[in-house]
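Read off the chains here:
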Amino acid sequence: RKEVGHISVGSKGFNDLIAGGIETQAITEVFGEFGSGKSQISHELAVTVQLPVEQGGLDGECVFVDTENTFRPERIEQIANAFELPVDEVLQKIHVARAFNSAHQILMVDKINELIQSGTNVRLVIVDSLMAHFRAEYVGRESLAVRQQKLNQHLHSLQQIANTYNVAVFLTNQVQAKPDSFFGSPTKAIGGHVLGHASTYRIWLKKGLAGKRIARLVDSPHLPEGECVFKITSEGIVD
Ligand code: ADP
């Protein structure tokens, strides 16, 4: 079994919360309302995975599965500049895959397998966002079972990539902000059981005061629950 690697999310406090960054051979899910920072963290990771190990990266490349047109090369440029990395090279190592519907998104996993088998050193797969297409296409109670089943398959094949190639899988999941319905635990209010079981790490992002963000680790099998404060700046994610 290969050694588990970690990818820095840019902020020390955030990295400490998840024991050094997001893990390979695992799925990490961030969930939160619109604007909570899910896409920003995705962009940060797409850059930091390219850093050398001693700087919090894995010297690797990344696949960014973009389902809602959230990928912004200009944003990558800002973050790459902050790390004094050559922007063109950084962009070349981010393989952006636009998924037009859920079936296309599912097929994308085969493409990722092919990319890795062709020798590309992919260490991170981002899906931003995991559920958007599934939610839009499978509406109504009668289609819920099919949606769960498709989603399960999709997550299973992502987990397989994570295990087989020592890759970190990072998923974003938009949820409504309904603090009253959480009763202290957000996990029951969202995504249902599919995500709850598949994700190894689940992080709840909340907006704080003065532009700050709060990341809360929930339901982790190995790590204590806890939270940290971080900021989104033009340089990326910071303490
Ligand atoms: P979502 O959770 O919906 O994916 P985003 O990750 O897109 O949310 O976060 C959007 C927020 O990130 C913006 O509201 C803004 O506060 C912050 N942000 C985005 N770009 C920058 C930037 N260049 N500098 C500072 N903050 C930024």
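Note that the structure is predicted; figures quoted are calculated from it, not measured. (Residues numbered from 1 in each chain as written. Predicted model: local features only at pLDDT ≥ 70, side-chain atom pairs only at ≥ 80, totals over all residues. Heavy atoms only, no water.)

Draft legend 1. Seen up close, the overall build of the protein chain. Helix and strand counts for the protein chain stand at nine helices and eleven strands. What you see for the protein chain is a C-alpha radius of gyration of 17 Å, in line with the 18 Å of a compact globule of 239 residues. Its C-alpha atoms give the protein chain principal-axis dimensions of about 50 × 45 × 35 Å. The proportion of buried residues among the 239 residues of the protein chain is 50%. With an accessible surface of roughly 11300 Å², the protein chain has 51% of that area assigned to carbon and sulfur atoms. (Helix = DSSP H or I, 4+ residues; strand = E, 2+ residues; numbered from the N terminus. Rg over C-alpha atoms; globule rule 2.2 N^0.38 Å. Buried < 20%, exposed > 50% of the residue type's maximum accessible area, 1.4 Å probe, protein only. Areas by Shrake-Rupley, 256 points an atom, 1.4 Å probe, with all protein chains shown as cover.)

Draft legend 2. The nonpolar core, seen in detail. If you look at the biggest cluster of nonpolar residues, it comprises 36 residues, and the most contacted ones within it are Phe14, Ile22, Ile41 and Leu124. At four residues, the largest contribution of residues to this core is made by helix α2 (residues 38-48). Ignoring anything within four residues of it in the chain, the contact list for Ile22 reads Gly5, His6, Ile7, Val9, Thr28, Leu45, Leu124, Ala168 and Phe170. With 24 residues, the next largest nonpolar core counts Ile27, Val122, Val125 and Phe134 among its residues. (Core = buried A, V, L, I, M, F, W, Y, C linked by side-chain atoms within 4.5 Å. Contact = heavy atoms within 4.5 Å.)

Draft legend 3. The packing of α2 against helix α3 (residues 73-82), seen in detail. Two elements in contact, α2 and α3, have axes whose closest approach is 9 Å; the angle formed by their N-to-C orientations is 55°. The angle between α2 and α3 places the two elements in the oblique class. Where α2 crosses over α3, the two elements pack in a sense that is right-handed. Taken together, the residues of α3 that come into contact with α2 (itself represented by Gln40, His43, Glu44, Ala46 and Val47) are Arg75, Ile76, Ile79 and Ala80. When its residues are assigned to classes, the contact of α2 with α3 shows five nonpolar, two polar and two charged. (Axes fitted to C-alpha atoms, helices over the stretch in contact; angles between N-to-C directions. Parallel < 35°, antiparallel > 145°, perpendicular 65-115°, else oblique. Left-handed = near helix turned anticlockwise from the far one by under 90°. Nonpolar A, V, L, I, M, F, W, Y, C, P; charged D, E, K, R; others polar.)

Draft legend 4. Main features of the packing of aromatic side chains. Under the definition given, this model contains four aromatic pairs. When the centroid spacing of 5.2 Å and the interplanar angle of 35° are considered together, the rings of Phe14 and Phe230 count as tilted. Residue Phe14 is found in helix α1 (residues 12-17), and its partner Phe230 is found in strand β10 (residues 226-233); the two are separated by 216 residues along the sequence. The same class applies to Phe14 as to Phe230, namely buried. Ring geometry for Phe64 versus Phe71: centroids 5.0 Å apart, planes at 65°, classification edge-to-face. On the basis of relative accessibility, which here comes to 7%, the residue Phe71 falls in the buried class. (Phe/Tyr/Trp six-rings, centres within 6.5 Å; stacked < 30°, edge-to-face > 60°.)

Draft legend 5. Main features of the sheet that holds strand β11 (residues 236-238). Taken together, the nine strands give an open sheet; going across it, the order is β5-β4-β6-β7-β3-β8-β9-β10-β11, and neighbouring strands pair in mixed fashion. With one partner strand each, in any of the chains shown, β5 (94-98) and β11 form the two edges of the open sheet. Between one strand axis and the next, the sheet turns by 25° as a mean value, whatever way the strands run. The pairing of β10 with β11 spans three bridges and is antiparallel. Paired with Ile232 across the bridge in β11 is Ile237. (Pairing = 2+ DSSP bridges.)

Draft legend 6. How the structure looks around helix α5 (residues 102-117). Taking 1.5 Å of rise per residue, the 16 residues of α5 would be expected to cover 22 Å, and the 24 Å separating its terminal C-alpha atoms lies within 8% of that figure. Three or more residues of α5 are buried, namely Ser102, Gln105, Met108, Val109, Ile112 and Ile116. Lining the buried residues of α5 we find β4 (61-66), β5, β6 (122-128), α6 (132-137) and α7 (144-165). N-capping of α5 is provided by Asn101, with a side-chain oxygen placed 3.2 Å from the backbone N of Ala103. Trailing α5 by a residue or two, Gly119 shows a phi angle of about 105°, which is positive. (Expected span 1.5 Å × (residues − 1). Polar contact = N/O pair within 3.5 Å; in protein donor to acceptor, adjacent residues only side chain to side chain.)

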